[in-house]
Amino acid sequence: MTPAAPLVTLGLVDAAFSGFRAYAGRDARIRKRAAIVRSALRGLAVGAVLLLAPAVTAGTVLLTADDPALAYAALAAGGAGYLRPLAVYATTVVLSLAAYFVLPFRVSTLAMVVGLGPLTLLRPLAIVAACLGALLNGGGFTSLLVGSVAGGAVLCVEPIVHRRWYASVVH
Amino acid sequence: MIRQLEEHGDHRAARIVASLPTGRDDVLDPHAVDRLLVGVHTELQRLSEELRIGERLVHLLGPLLAAVRAAATPARPLRLVDVGCGLGYLIRWLAATHALGPDVELIGVDLDAALVGEAARLARAEGLHCRFVHGNAFDLPEAATVYVSTGVLHHFRGPALAEFFRAQASSPALAFCHYDIAATRLAPVGAWAFHRARMRHPLGRHDGVVSALRAHSDEALLRAAAAPGIRPLLYEPRGMSNPFCTTLRPVLGIRPHLEAPLRRALGRASRRLVGPEQLAEVVR
Ligand SMILES: C[S@@+](CC[C@H](N)C(=O)[O-])C[C@H]1O[C@@H](n2cnc3c(N)ncnc32)[C@H](O)[C@@H]1O
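Residues numbered from 1 in each chain as written. Chains lettered and ligands numbered in written order. Predicted model: local features only at pLDDT ≥ 70, side-chain atom pairs only at ≥ 80, totals over all residues. Heavy atoms only, no water.

Could you give me a rundown of the interface of chain B and chain A, with the residues and numbers involved?
Each partner contributes residues to the interface: chain B has 35 residues there, and chain A has 30 residues. Interface of chain B and chain A: buried area, both sides summed, is about 2,900 Å²; carbon and sulfur atoms make up 59% of it. When residues of chain B are sorted by the area they lose upon contact with chain A, B:R52, B:E126 and B:R200 head the list and together hold 22% of the total. Where chain B meets chain A, there are 3 salt bridges. (Contact = heavy atoms within 4.5 Å. Buried area = accessible area lost by both parts, 1.4 Å probe. Salt bridge = Lys/Arg side-chain N within 4 Å of Asp/Glu carboxyl O.)

Explain the pairing of strand β1 (residues 78–83) of chain B to me, using residue names and the numbers behind them.
Residue and element names in this part refer to chain B. Counting buried positions along β1 gives 5 out of 6 residues, so the element sits mostly inside the fold. In this fold, the crossover linking β1 to strand β2 (residues 104–110) by way of helix α5 (residues 89–97) has right-handed handedness. Pairing between β1 and strand β4 (residues 146–150): 3 bridges, direction parallel. Opposite D82, over in β4, you have V148 as the bridge partner. (Buried < 20%, exposed > 50% of the residue type's maximum accessible area, 1.4 Å probe, protein only. Helix = DSSP H or I, 4+ residues; strand = E, 2+ residues; numbered from the N terminus. Right-handed = clockwise from strand over helix to strand, strands pointing away. Pairing = 2+ DSSP bridges.)

Requested: an account of the confidence of the model for chain B, with residues and values cited.
Per-residue pLDDT for chain B averages 93, and the proportion of residues at 70 or more is 99%. In the model output, the complex is listed with pTM 0.94 alongside ipTM 0.92. (pLDDT = per-residue confidence, 0-100.)

I'd like a rundown of the pattern of salt bridges, residues and numbers included.
Two side chains with opposite charge may pair up if their charged atoms get near one another. Within this structure, the stated rule accounts for 21 salt bridges over all chains. Between A:D14 and A:R123 there is a salt bridge, with its nearest N and O atoms 2.6 Å apart. Highlighted residues: A:D14 in helix α1 (residues 4–23) and A:R123 in helix α6 (residues 123–136), separated in sequence by 109 residues. We note that A:D14, like A:R123, is buried. For B:R263, the salt bridge is made with B:E259, and the minimal N-O distance between the two is 3.0 Å. With a gap of 4 residues between them, B:R263 and B:E259 both fall in helix α11 (residues 259–266), about one helical turn apart.

In structure tokens form, the structure reads like this:
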């Protein structure tokens, strides 16, 4: 199985969360479920467009390769290596989120203060770890290239959504 | 103002102020300042939401109001006044969730007119039953059954802290319950990381760390809250709570006859409620 499907899924889910973060802190109402869903969909839409960049990069690599089969194998190996640190990161996020939503307020504060808050700050590091994973797994320069473009794309979703829709307080 | 901040050695704050728009005569543009304050407080509300401040408060305020209802026949409706309410998140959340019951009137007071105006607008927009009043914590315009606040005490320095509690103790109020940042060694580091992750404007980020540095110790709070006719208590003091689970904890002042019913209403959680005499033991 190629790692493409889980990577794309992770990228899109991350984009939805980025959309939410771009909105969070801009709306002081109490009831705002619809606005939260809208922000996640905006993130998803922007993410879907931005994730075309790594897809196109990977396509170009394959089309211009002397030996497409070899290039494909390198990208697949790199993708698998890229996925591993991200899977660890995503699992930590999911566990923190579950603790945050399910457990009483004291433990949920813990999940926020030592889990979700710092995990947001660690996003760029998770991408760096993923790129290293791609290299270490034998993905070579082409995987590093695709991985960096993908990482850049994913990190751009939040600022773009924020600037486009949430530059000032929502009324 | 910039010179004053520089003289205090707060260069970061000076830089933030210097970056704000000014009108003629180098005076800060008041509309820009209002907009900035509303913006930063909107970001601040996200922290209250994520740390579930409303639930944390109800956990203690529910039993406190039960004790008030049980102990006497106080004037109805009971009235909760949030001092330094900012955008009034707590009051509006309580109004939206009806968490304290229908016999509790909800009022927010703040010194900043722009914040009070925005709080009232937000409440109207969502049809919430609560009010917001412009006023000073040291000359409170609204009588209350219980005064509360979140994240305000660290603003009051020196004798002002005791004066703040004394004003409420000498009012007809039956109790006060003021939450502020737990003064631990971790607080400034935690505040730095959390504000960096969750707030965008440098003002909010800087204020978060400075506030944690200025947080009053458990002992200082209990000492200041010991006003005539008041039993000072602290909930979840240092040494009795995990600093990662309790980022804000309250100092209470209650009329002495309310202590027994409050402890009964709290049940097992009443272990976490200590007076000055027990605090010495906890810390030891
Ligand atoms: C850090 S903010 C906390 C706001 C809100 N309680 C919250 O938890 O988000 C402190 C608030 O206290 C208000 N404040 C400071 N001094 C005050 C005073 N003397 N009287 C009334 N409000 C005051 C400020 O205007 C500000 O809105």
